[in-house]
Amino acid sequence: MLTCVTSPVLSPTHPHSSSGDRGPLSPQTVGIVGSGIMGAGIAEVFASAGHTVVLRSRSAEAASDVLNTLAANLSKQVQRGRLEAQRQNEILALCTTTTRLTDFQKCEVVIESIVEDIETKIALFTELDALLPSNTILASNTSTLPIIELARATQRPDKVCGIHFFNPATTMSLVEIVRPITSSDHTIQYAVALTESCGKTSVHVRDDAGFIVNALLFPYLNNAIKMYERGTATMSDIDIAMKGGCNFPMGPFALLDLVGLDTSLSILETLHKSSPSATDEPALLLRQLVSEGKLGRKTKNGFYTY
Ligand SMILES: NC(=O)c1ccc[n+]([C@@H]2O[C@H](COP(=O)([O-])OP(=O)(O)OC[C@H]3O[C@@H](n4cnc5c(N)ncnc54)[C@H](O)[C@@H]3O)[C@@H](O)[C@H]2O)c1
C-alpha cells in the first residue's frame, strides 16, 4: 500500500532509527486521535502525501463519517480535474479508522486533535504513553494549550511536541512546530520534515500560549465581538469591513464560526489566563452562544446560520 502514492522526499532522521542517519523520509504511519474538523482534515493531508493514516475516533459512526467525507472530498477533486481517479483510490487505501488506541502500535508518530481541554488531553497523553512503544513521537494539534503539560504526563517528554495545523488543514499552508523545553532536536527535526513532506510551510515557536498565530489573531476576534456588543456596527458590516478594508479572506464572525465557537472560547480563556494584559476576558456573547450549543458551522448555527 505504501508504494502506491509518491510522497515528496525530505531528509529528517526516522524516529525509529537510532543511528541518526539523515536519509529521505520514507512514507510514515501516522496515528491521529480525534475525528472532528481538524482530525479529519489532517488525515486527508497525510494520506494525500503518501503516508499511511490510522485515525481513532471514539465511535465507529464518526470514524465512518470521516472516511465518507474523505471519499467525497477526493471525488470532487477528481471531477474538477485536480486529481487522477486512480490516486483517489490509492489515497483512500492509505486510511483506516479504529476506535482503539492500541491500533497505533505501528505508528512512528501519533497526533492528538481532540477537544481543546487540558485535562482531557493530559489523560489521553498518559494513556498513549502507557500503550505505545517508547520511541513513538507524540504530538498535539492544540491551538493554545501548554505542550509542556502534555510532555510531563509522559515518560518520554523529549518525544513530545506541538504540530499545529490550520483550518482547513487541506488548504492552509502553515504548520506551527511548537517546542516545549523538554523536546529533543530530533523530535523537532522529525516534526518539520513530516509536515514539509505534506507540502506545508513550518515555523518554529516556543511553547507560549497561542503560539504565533492565535496569540495575535484571537484578541482581534474577541474585539470584533465586543465591538458588535457595543452596537458599533452589524456583524455582517464588520465582516465586510475587514474583508474589504484589510484584504482578509473572511471577516471575524465568519472565521469564528469556521473555527468553532467552543474551541474559540477555550482559546480565549487560555490566552486571558496566561496574559490578562494582552487578551481580555472572552466576550459575553461568545459564552452565551456556546452555552446554547451554537458552535458555528459544525452545528450549522453560530454567529450566522448555515
Ligand atoms: N477548529 C480549528 O480551527 C482548529 C485549528 C487548529 C487546531 N485546532 C485544534 O484541534 C483540536 C480539535 O479541534 P476541532 O476543531 O477538530 O474540534 P471538533 O469539535 O471538530 O472535534 C473534537 C474532537 O474531539 C473529540 N472529543 C471530544 N471530547 C473528547 C474526549 N473527552 N475524549 C476524546 N475525544 C474527545 C470529539 O469526538 C471530536 O472528534 C483542538 O485542540 C483545537 O484547538 C482547531
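In this text the structure is predicted, and so the values were computed from the model without any measurement.

Asker: Pulling in residues and values, what's your account of the pattern of salt bridges?
Answerer: Summed over all chains, the structure comprises 11 salt bridges. Across the salt bridge formed by E112 and K121, the nearest N and O atoms sit 2.4 Å from each other. Here E112 falls in the buried class, since its relative accessible area comes to 1%. Note that E281 and R287 form a salt bridge whose closest N and O atoms lie 3.6 Å from each other. Residue classification places E281 among the partly exposed residues on the basis of a relative accessible area of 44%. One salt-bridge network, in which partners are shared between bridges, spans E112, E116 and K121.

Asker: So what's going on with the domain arrangement of the protein chain? Which residues, and what values?
Answerer: How big an interface is tends to be stated in terms of accessible area lost as the parts join. We note that the domain assignment places domain 1 (29-206) and domain 2 (214-299) within the protein chain. Taken over both partners, the interface formed by domain 1 and domain 2 buries close to 730 Å², and the fraction arising from carbon and sulfur atoms is 61%. For the pair domain 1 and domain 2, the number of links is 0 salt bridges. There are 3 residue pairs in polar contact (both at pLDDT 80 or more) connecting domain 1 and domain 2.

Asker: Account for the pairing of strand β8 (residues 201-206), naming residues and giving values.
Answerer: Pairing of strand β7 (residues 174-179) with β8 involves 6 bridges; the strand directions are parallel. Following the sheet pairing, E176 is matched in β8 by V203. Remark: the β7/helix α6 (residues 185-196)/β8 crossover connection has right-handed handedness.

Asker: Any chance you could break down the sheet that holds strand β5 (residues 137-140) for me, citing the residues and the numbers?
Answerer: Reading across from one edge, β3-β2-β1-β4-β5-β6-β7-β8 is the order of the 8 strands in this open sheet, with mixed pairing throughout. Two strands in the sheet have a free side with no partner beyond their single neighbour: β3 (95-98) and β8. Averaged over all adjacent pairs, the angle separating strand axes in this sheet is 25°, with direction ignored. Bridge count between strand β1 (residues 29-33) and strand β2 (residues 52-56): 5 bridges; the pairing is parallel. Bridge pairing in β2 places I32 opposite L55. Those strands touched by helix α4 (residues 118-131) are β1, β4 (109-112), β5 and β6 (160-165), and its axis lies near 165° from that of β5.

Cut-offs applied
Residues numbered from 1 in each chain as written. Predicted model: local features only at pLDDT ≥ 70, side-chain atom pairs only at ≥ 80, totals over all residues. Heavy atoms only, no water. Salt bridge = Lys/Arg side-chain N within 4 Å of Asp/Glu carboxyl O. Buried < 20%, exposed > 50% of the residue type's maximum accessible area, 1.4 Å probe, protein only. Domains from an automatic or database assignment. Buried area = accessible area lost by both parts, 1.4 Å probe. Polar contact = N/O pair within 3.5 Å; in protein donor to acceptor, adjacent residues only side chain to side chain. Pairing = 2+ DSSP bridges. Helix = DSSP H or I, 4+ residues; strand = E, 2+ residues; numbered from the N terminus. Right-handed = clockwise from strand over helix to strand, strands pointing away. Axes fitted to C-alpha atoms, helices over the stretch in contact; angles between N-to-C directions. Contact = heavy atoms within 4.5 Å.

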